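# Observations on the model geometry
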Amino acid sequence: MALIVQKYGGTSMGSIDRIKNVAKRIKRWHDHGHQVVVVVSAMSGETNRLIDLARQISTQPDPREYDQMVSTGEQVSISLLAMAIKELGVGARSFTGRQVAIKTDGEHNKARIESIDDKNIRAQLDAGNVVIVAGFQGIDEHGDATTLGRGGSDTTGVAIAASLGADECQIYTDVDGVYTTDPRVTSKAKKLEKITFEEMLEMASLGSKILQIRSVEFAGKYGVPLRVLSSFDEDNDGSFDDDFKDNVGTLITIDEGDNMENAIISGIAFNRDEAKIVVRAVPDHPGIASAILSPIGRANIEIDMIVQNLSINGMTDFSFTVNRTDMEKTMKVLNEQVKDEIGATEVIGNSDVVKVSLVGVGMRSHAGVASLMFQTLAENNINIEMISTSEIKVSVLIQEQYLEKAVKSLHTAFGLDREDGDSKVAG
């Protein structure tokens, strides 16, 4: 018997029929002797509906009241799912974040989990019941409802799995695992059997939308095995013997394992939400980077890639990227607070760019990844505008019109098209 935490997103809970299907899946796990805790999101579209209602009242809703309202979406989901499970003859009990006592800090709309009182959950499991917990929400020290931000149900699921010492946390979504890249960009993308927390964290931060970044961080910190599965694939439901974990979905694990030694690149991530900012002809002297970026930081704008060109006659161009939605705000800050102060000639913004990244723990022990990447892009006449690297990733900024061409060519060049999944670096 295993203790399993399953999380179902809004799409999986999107209708009464889908909720009934989720209930049937949970019953199969329960019937085979497993203890099951289920974390669910609000039904698809419900959170957006609630947010829209709030915005009709106020363009900047009071944070406490906003959380009080938005957190109701999950309460509907947990009750409906508990009813559906009971209709199948299985005991079930639903809990809100308050009833479980998922304690968070007081940062409304983006709270962080501090502790979980799992007493009620354990008591219901010991009684033979399935436990259903509302995702995305908690309670602060004042007893007020808090929410964890978009995708917060993933974090709830992982946190509960960590608190209970679960054998596995299964994230059910509308895809059947983590792929080498987005299958909508190349049909040759392949599902990964296994990926490390470190790689998944990089892919999530670089544009992969499968898992919320904070949930991966949490799982890695507490060593919670994560598995991504599809709630719509009846054949991808796991087997129920002692070896239930094998060959189902994608396992995200701390163990790199022998089978990962040959996989230099695990995946290709990309992010369309990029904008490039160039501050032209700035004096090249100590402190100039701080003079440009400090006002950006004070405006609560996150900066990603940074490049400072070679100095010519004591002047240089300073470039960096921000989220595309922050481009206009960034240029306003620079034009009003920085440009004249430092003597720059102009500020240029370009939102027609994307970031493409190679990710793989195999980079640690294999040279030549960056050179093959640059060579492949050059052969396809794709210009690189910016570059950033870390121990297990190489990212480039290119024009958005070349995204599909870049991903397909890199996917082939690094052997991710191969049936054996053995990525190679040429030479």
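Residues numbered from 1 in each chain as written. Predicted model: local features only at pLDDT ≥ 70, side-chain atom pairs only at ≥ 80, totals over all residues. Heavy atoms only, no water.

### Details of the domain arrangement of the chain
Spelled out, the test is: Domain limits in this description derive from either an automatic procedure or a database domain assignment. Only heavy atoms matter for contacts: two residues are in contact if any of them lie within 4.5 Å across the pair. Note on terms: buried area is the combined drop in 1.4 Å-probe accessible area of two parts once they are placed together, counting the loss on both. Definition used for salt bridges: Asp or Glu carboxyl oxygen within 4 Å of a side-chain nitrogen of Lys or Arg.
Partitioning the chain into domains gives domain 1 (3–253) and domain 2 (259–426). A straight line from the C-alpha centre of domain 1 to that of domain 2 covers 32 Å. Contacts between the two partners involve 19 residues from domain 1, matched on the other side by 27 residues from domain 2. Both sides together, the interface formed by domain 1 and domain 2 hides about 2000 Å², and carbon and sulfur atoms give 59% of it. When the buried surface of domain 1 facing domain 2 is broken down by residue, V185, E199 and L206 rank first, second and third, together holding 33% of it. Taken together, the links from domain 1 to domain 2 amount to 2 salt bridges.

### Structural notes on the pattern of salt bridges
Counted only if it meets this: Under the scheme used here, helices are H or I runs from DSSP no shorter than 4 residues and strands are E runs no shorter than 2 residues, and both carry numbers assigned from the N terminus. Burial status follows relative accessibility: with a 1.4 Å probe on protein chains alone, a residue under 20% of its type maximum counts as buried, one over 50% as exposed, and anything between as partly exposed.
Applying the stated criterion across every chain, the model contains 21 salt bridges. Residues R272 and E400 are paired through a salt bridge, measuring 4.0 Å at the closest nitrogen-oxygen approach. Here R272, found in strand β13 (residues 267–283), pairs with E400, found in the loop between β18 (393–399) and α13 (403–413); they are 128 residues apart in sequence, far enough to count as distant. When its relative accessible area of 41% is taken as the criterion, R272 is described as partly exposed. Residue class for E400 comes out partly exposed when judged on its relative accessible area of 24%.

### Concerning helix α1 (residues 16–31)
Cut-off, in case you're wondering: Here the expected span of a helix is defined as 1.5 Å times the quantity of residues minus one. What the arc describes is the spread of directions from the helix axis to the C-beta atoms.
Counted at 1.5 Å a residue, the expected span for α1 with its 16 residues is 22 Å, and the 22 Å between its end C-alpha atoms agrees. Inspection of α1 places I19, V22, A23, R25, I26 and W29 among the buried residues, and these make up the whole buried set. End-on, the buried residues of α1 take up no more than an arc of 160 degrees, which puts them together on one face. Contacts made by the buried residues of α1 are with β1 (3–8), β2 (35–40), α4 (72–87), β6 (130–134), β9 (168–173) and β11 (226–230). Where α1 terminates, the next one or two residues include G33, which has phi positive at roughly 90 degrees.

### Quick notes on unusual backbone geometry
Positive phi, normally seen in glycine, also occurs at N109, with a value near 80 degrees. Turning to its location among the elements, N109 is positioned in the loop between β4 (102–104) and β5 (113–116). The phi angle at N313 is positive, at roughly 55 degrees, despite the residue not being glycine. Mapped onto the elements of the fold, N313 is located in the loop between β14 (303–308) and β15 (315–323).

### Some details on the packing of helix α3 (residues 63–70) against α4
What counts is decided by this rule: Inter-axis angles, ranging from 0 to 180 degrees, are taken between N-to-C directions of lines fitted to C-alpha atoms, where helices are fitted over the stretch in contact. Note on angle classes: values under 35 degrees are labelled roughly parallel, values over 145 roughly antiparallel, values of 65 to 115 roughly perpendicular, and the remainder oblique. Each residue is assigned to one class: nonpolar for Ala, Val, Leu, Ile, Met, Phe, Trp, Tyr, Cys and Pro, charged for Asp, Glu, Lys and Arg, and polar for all the others, Gly among them.
Axis separation between α3 and α4 bottoms out at 4 Å; the angle between their running directions is 20 degrees. Classified by the angle their axes make, α3 and α4 are roughly parallel. From α3, Q68, M69 and V70 reach across to α4, where they touch T72, G73 and E74. Within the contact of α3 with α4, the residues separate by chemical class into 2 nonpolar, 3 polar and 1 charged.

### Some details on the nonpolar core
The cut-off we apply is this: Remark: nonpolar core denotes a set of buried residues (Ala, Val, Leu, Ile, Met, Phe, Trp, Tyr, Cys) joined through side-chain atoms within 4.5 Å.
Counting residues in hydrophobic clusters, the biggest one holds 40 residues, and the most contacted among them are V5, V37, I121, V133, I160 and L226. No other element matches helix α7 (residues 152–164), which puts 5 residues into this core. Judged by nonpolar contacts, the second largest core, of 25 residues, contains Y8, V38, A82 and V90.

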